[in-house]
Amino acid sequence: MSDRQIQKHFANRAVKPTFFTVENDSLKLHVASIGADTLPPLLLIHGAPGSWYGYLRMFDDSLLHTKFHILSVDRPGYGKSRKGRKAITSLTKQAQWIAHALNLNRSGKPAIVLGRSYGSPVAARLAIMYPSRVKHLFLIASPLDPDKEKFFWFSKWGRMAPVKLFLHRHLNLATAEKYTHVTELRQLRPLWTKLNVPVTLVQGGKDWLVDPTNLDFAKKVLAGKPAEYIFLPEAGHLITSSHADMVKNLILRSGGHQTPKINEVSAN
């Protein structure tokens, strides 16, 4: 979406987002915010490619932004979080930088952190590094198992210089992340034992991008942890859209707010 499209989207809405930029000599973080900064923070991390407005549905939800201070970031390299041409593919570096978004909140309360797709391992790394700043972690449609990373026949073409010239920089960045993801997930694997915040994982059975057995991997590395696993047999990859109400109710529940009973899920 262009700035003009975003302005048009919010033109007739009573509550509009505020935008912030956190920057140093090497990195830049663009953050969209809605809701009072004295409310508990809800930090949203997108996948690859993506942008903060991938969570526009949550920004439009008046119940959510009256209960939470919603912070949605452009991950380093995406959207307006671009500084230089080098792709930032390190999960640790991304998590460290995205954590700065929480400094925009003045509630003094830990955040609910939600990551989807390639944003999930970034969210998990953030929760491992800053447990006192995270109340609950949500991992939606999450590629976590380094041995189950999916590559497609066209993936290799995206790495070729002549092809990259014609692709949007978000696609080139997503490709760079794709080819470092296995290494990054292997580095993350021994760190799962250090995750000490409640976590909810949601996975679709018909996810064409993330192998559904990633949920089984999560059960192994999170054995003994305060974890909830929700499997949606008929869901695809875009769970935050296809099951928006369910995700919303899970967020509200984790924040201590009463919600309607969640049906249609298989949890164990």
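Going by the structure above, here's the rest.
Just so it is clear, the model here is predicted, and its values are computed rather than measured.

Conventions and cut-offs
- Residues numbered from 1 in each chain as written.
- Predicted model: local features only at pLDDT ≥ 70, side-chain atom pairs only at ≥ 80, totals over all residues.
- Heavy atoms only, no water.
- Helix = DSSP H or I, 4+ residues; strand = E, 2+ residues; numbered from the N terminus.
- Buried < 20%, exposed > 50% of the residue type's maximum accessible area, 1.4 Å probe, protein only.
- Contact = heavy atoms within 4.5 Å.
- Areas by Shrake-Rupley, 256 points an atom, 1.4 Å probe, with all protein chains shown as cover.
- Phe/Tyr/Trp six-rings, centres within 6.5 Å; stacked < 30°, edge-to-face > 60°.
- Lys NZ or Arg CZ within 6 Å of the ring centre and 35° of its normal.

Colleague: Please explain the overall build of the protein as it appears in this structure.
Modeller: A tally of helices and strands in the protein yields 10 helices and nine strands. Looking at the protein as a whole, 50% of its 268 residues qualify as buried. For the protein, the share of sequence-separated contacts (at least 6 apart) that also reach a separation of at least 24 residues comes to 77%. About 12900 Å² of surface is accessible on the protein, with carbon and sulfur atoms providing 53% of the total.

Colleague: Where do I start with helix α5 (residues 119-129) in this structure?
Modeller: Among the 11 residues in α5, 10 count as buried, and that is most of the element. Looking only at α5, the buried set comprises Gly119, Ser120, Pro121, Val122, Ala123, Ala124, Arg125, Leu126, Ala127 and Ile128.

Colleague: Is there a simple way to think about the packing of aromatic side chains in this case?
Modeller: Under the definition given, this model contains three aromatic pairs. Ring geometry for Trp52 and Tyr53: centres 5.9 Å apart, planes at 80°, overall edge-to-face. Residue classification places Tyr53 among the partly exposed residues on the basis of a relative accessible area of 25%. Geometrically, the ring pair formed by Trp52 and Phe59 is tilted, given 5.2 Å between the ring centres and 55° between the ring planes. Through successive ring pairs, a cluster of aromatic residues spans Phe19, Trp52, Tyr53 and Phe59. One cation-aromatic arrangement involves Arg116 over Tyr55; the distance from NZ or CZ to the ring centre is 4.2 Å.

Colleague: Help me understand unusual backbone geometry in this model?
Modeller: One can expect most non-glycine residues to show negative phi and most peptide bonds to be in trans. Ala48 connects to Pro49 through a cis peptide bond whose omega is -10°. Relative to the helices and strands, Pro49 resides in the loop between β3 (41-45) and α2 (56-60). Of note, the phi angle at Ser117 is positive, near 50°, even though the residue is not glycine. Tracing the chain through its elements places Ser117 in the loop between β5 (111-116) and α5. A relative accessible area of 8% means that Ser117 is categorised as buried. Within the chain, Ala141 stands out as a residue other than glycine whose phi angle is a positive 50°. Within the secondary structure layout, Ala141 lies in the loop between β6 (134-140) and α6 (161-164).

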